[in-house]
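The lines below spell out each chain.
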Amino acid sequence: MNGGSNVNPVLAAGHGLIEEEFERAVAILGRTPNLTELGIFSVMWSEHCSYKSSKIWLRTLPTSGPRVICGPGENAGVVDIGDGDAVVFKIESHNHPSFIEPYQGAATGVGGILRDVFTMGARPIAILDSLRFGSPNHPRTRHLLAGVVAGIGGYGNCVGVPTVGGECEFDSSYDGNILVNAMCVGLARTDRIFYSTAAGPGNPVVYVGAKTGRDGIHGATMASAEFGADASERRPTVQVGDPFTEKLLIEACLELMQGDAIVAIQDMGAAGLTSSSVEMAGKGGLGIELDLDQVPLRETGMTAYEIMLSESQERMLMVLRPGSETEARRIFEKWELDFAVIGHVTDTGHLVLRINGAVAADIPVGPLVTEAPVYERPWRHADPEPEIDPAAIPDRDPLHSLERLVTSAALASKRWIWEQYDHLVMGNTVNRPGGDAAVIRVGEYKALALATDCTPRYCRADPMRGGAQAVAESWRNLTAVGAEPLALTDNMNFGNPERPEIMGQFVGAVEGIRDACLALDYPVVSGNVSLYNQTRGNAIQPTPVIGGVGLIADLRRATDLALKQDGDALILIGQTQGHLGCSLYLREIEGREAGRPPLVDLVGERRNGDFVRGQIRAGHAVACHDLADGGLLVAIAEMAMAGGRGVVLDPLPADLPRHAWLFGEDQGRYLIETADPAVMLVAAQAQGVPARLIGVVGGVALTLPDAGAISVNALKAANEAWLPGYMAQA
Amino acid sequence: MKAAVVIFPGSNRERDVCAALYRATGHEPVQVWHRDSTLPPADLIVLPGGFAYGDYLRCGAMAAHSPLMREVRAQADRGTPVLGICNGFQILTEAGMLPGALLPNRSLRFTCRDIHLRVENNQTIFTCGYDAGQTIGVPVAHHDGNYTADPDTLDRLEGEELIAFRYCGADGALSDEENFNGSAHAIAGILNNSRTVLGLMPHPENATDPLLGGTDGQALFTGLVGALK
């Protein structure tokens, strides 16, 4: 084997390997790697594939529970939902590619996360997308938003999986690094889950799906570095998606999975054929030998290096039981997809690649995986800001403030986005986008509740509180539709981990997530880390997005946020102290981003949520909504706008400044519409849950004592108008 | 009523329409793979929504030339009713089984939302479950639903009452705003001359379950069952 003569530390550095990492690779091989081997080491040891900066911290998260069938480490997490059914889900980022080429970057993000889910034997049943863009005033924001939304829709609509929820926020910290996090949820049988552990030396290794081209080479390496001034020059590293092929691949794989042909299966995502073959062999403690001449290629003259590093989309690698190739080939040919036996499992423990009859690479898989670098990077917590005294904030007309809040980029209706997504296909969408959580039917009356959440401004001011709050808000959103929160998937989006203050944000967020997961029995079953979201030294706000999944046993006893009946009472659950630090009110009305975010009282959070869920399941809650950005008055307005009904508020309590009561963002709170407030208040008191009657549903306006009224229809029109108006400006 | 649902590679609303047919008939329709050369005997042929062949070239263009479509056309010529929904409507126009064409929505964006339809002609097997002029609420989910045809064709569709549904407001009134995709004459669905082929862009099959936002689409399927039994 030759070709190693040109490989040196400088070339390795160009592949993203630092000197010690290159030396480690040389030591593992006992010689200098050739170019193909260098490429394999560089992608496997990239931040994106190796999690080398985050691994030691992610290990501290709770990942098990009575319902958890499979936690992190596989393509997606698997949770038992009873009746022999399992929910399979994961979230994944496609941030860097989406900034460079928004349509394809976002589209292939959806494609990749779909594959992670159906690889495990699950039929994808829902997609959610958590999006963060730069300031609305930034010249690229409109273009990026339009492209990302069209890309998500273009892919999800065509494969026929409903896109049912997510978030979209704007902040100047994302001007140079937008976030596109896609979550996919699938449904499988608990006895038909497929894993990626190779087994059985001699078993055939099979390639299926689309052909391999030169697209996406080095995508994983790109996602592991900061953007400099040359971001647009990286466009060739962005992959191109074909949702039609993905649709065929879903159907073909699920058809093959009805039988017992598959020993192991892994999608070719980041680092393509390299990571899929190495991961399968590594998990099985075995080797794999591949004949690259058998790989279906889109272009001629591709080298081993290019074939192994291509990130062409819609491809899968499988280990089959011997003798099942004919039946498997029949299924893939029916769906007009490529099918090729490209190698076999070995007991050598080596990844051996051949091309044109010669050995192109020979790497021991064990060390490549187990000796991958792991760093405990230096970190430091920033000093927290002082708390904000609400009495020091001036009093203003609250209804005028409300109008400004619901027409802000943060709270304006995102209908313009989700109407471009087919959120109804498959015919099981019970609660559509725009509420606390989407609800998707999975049985006659059984359903899943799905939501994504994060409040980055909290995370920046106090990563630990922010991490805990993201988990708590996710749990609360699922609870607010009547679901029992089961488990979550996390997408950790941060800046450059080599900077101690950024690493400190990561460490703090993980601590907060861990505390909340433990307190709420809400384990992490899958996730993704995206670091280096930083351009010319400017990092994004720390954004640990939580994708939550909850179970609704009987969806006739689920609810949504729309007010439904004049004369019903509105009850506020939870303690209000008027916390304005880091609040949306402070940012949008006072123009200040200051103070500490609200503390999540995890004991109270759980107690309040369990009470609310009990009330919904007992049929006492006609509507329910959690309190989040903008606090009480925004939550009331959202319920009013969703239901097209007014509310008359009772006199406000005298012990808090008016704006603190109406706009404070204290955690652990909900609003419930009920026909029988007396019974609910007594029940709350018996369980030690703070509860208070705050007003009555009725009329066509939101009416505040001593502060006038505002038309619900006018408020809704303004809330709906912002985003279409913004996007229509050239 | 026995229904056959044709599955092209890229069809994706076959589950939805099969569920609606099941609710209306009490039994599962037959799903027919596009490469099959024959259709099983059926009282109704359905072309479901989706992106047949990825909608590459033009929406429905490649599916229109699928071998099975020759069989669909032959059956239709013999009077077997054909229902094309969304992509199915696009395929029927590309195959020349219905006149006109479906252009990109005037917003140039995919649109998924509830809309209102006015039943323009209830004297057909597809619409007999509705009152004439009734307004119903059903969802749409398409990028290319902007119906167009030459003026003579539009005159003929109007004159011969071949327009089955039009986009309208909740009160049944027509307006430019409610005609959200810009279709000529606000056309949402049309019939062939013999009124045995219906193509429509909206999804009545996604409005057949009270838990999922309404049942206004149900009467299309129950009406068919009544008419074809």
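Residues numbered from 1 in each chain as written. Chains lettered and ligands numbered in written order. Predicted model: local features only at pLDDT ≥ 70, side-chain atom pairs only at ≥ 80, totals over all residues. Heavy atoms only, no water.

As for the interface of chain A and chain B
Moving on, step 1. Of the residues lining the interface, 33 residues belong to chain A; the matching set on chain B comes to 28 residues.
Moving on, step 2. Considering only the side of chain A, the residues that lose the most area to chain B are Phe-244, Glu-419 and Arg-432 of chain A, jointly responsible for 21% of the buried surface there.
Moving on, step 3. Applying the counting criterion to the chain A and chain B interface returns four salt bridges.
Moving on, step 4. Between Asp-114 of chain B and Arg-432 of chain A there is a salt bridge, and its shortest N-O distance comes to 2.9 Å.
Moving on, step 5. Here chain A and chain B share 10 residue pairs in polar contact (both at pLDDT 80 or more) between them. (Contact = heavy atoms within 4.5 Å. Buried area = accessible area lost by both parts, 1.4 Å probe. Salt bridge = Lys/Arg side-chain N within 4 Å of Asp/Glu carboxyl O. Polar contact = N/O pair within 3.5 Å; in protein donor to acceptor, adjacent residues only side chain to side chain.)

As for the pairing of strand β26 (residues 691-697) of chain A
Residues and elements named next belong to chain A.
Moving on, step 1. Of the strand pairs in this sheet, strand β22 (residues 569-573) and β26 are connected by five bridges, and their pairing is antiparallel. Residue pairing across strands places Leu-572 opposite Arg-692, the latter belonging to β26.
Moving on, step 2. Pairing of strand β24 (residues 647-649) with β26, which is carried by three bridges, proceeds in the antiparallel orientation. The partner of Val-648 across the bridge, within β26, is Val-696. (Pairing = 2+ DSSP bridges. Helix = DSSP H or I, 4+ residues; strand = E, 2+ residues; numbered from the N terminus.)

Regarding the packing of aromatic side chains
All names here are of chain A.
Moving on, step 1. The tally for this structure, following the rule as stated, stands at 15 aromatic pairs over all chains.
Moving on, step 2. When the ring of Phe-41 is compared with that of Trp-45, the centres are 5.0 Å apart and the planes differ by 75 degrees; the resulting orientation is edge-to-face.
Moving on, step 3. When its relative accessible area of 0% is taken as the criterion, Phe-41 is described as buried.
Moving on, step 4. Among the aromatic residues, those joined into a cluster by ring pairs are Phe-133, Phe-170, Trp-722 and Tyr-726.
Moving on, step 5. Sitting over the ring of Phe-99, Arg-140 keeps its end group 4.7 Å from the ring centre. (Phe/Tyr/Trp six-rings, centres within 6.5 Å; stacked < 30°, edge-to-face > 60°. Buried < 20%, exposed > 50% of the residue type's maximum accessible area, 1.4 Å probe, protein only. Lys NZ or Arg CZ within 6 Å of the ring centre and 35° of its normal.)

Examining the packing of helix α15 (residues 398-406) of chain A against helix α22 (residues 631-643) of chain A
Residues and elements named next belong to chain A.
Moving on, step 1. Where α15 meets α22, the closest approach of the two axes is 10 Å, and the angle between their N-to-C directions is 65 degrees. On the basis of the axis angle, α15 is roughly perpendicular to α22. α15 and α22 meet at a crossing whose hand is right-handed. Every residue of α22 that contacts α15 at Pro-398, Leu-399, Leu-402, Leu-405 and Val-406 is listed here: Leu-633, Val-634, Ala-637 and Met-641.
Moving on, step 2. Looking at the contact of α15 with α22 residue by residue, the class counts come to nine nonpolar, no polar and no charged. (Axes fitted to C-alpha atoms, helices over the stretch in contact; angles between N-to-C directions. Parallel < 35°, antiparallel > 145°, perpendicular 65-115°, else oblique. Left-handed = near helix turned anticlockwise from the far one by under 90°. Nonpolar A, V, L, I, M, F, W, Y, C, P; charged D, E, K, R; others polar.)

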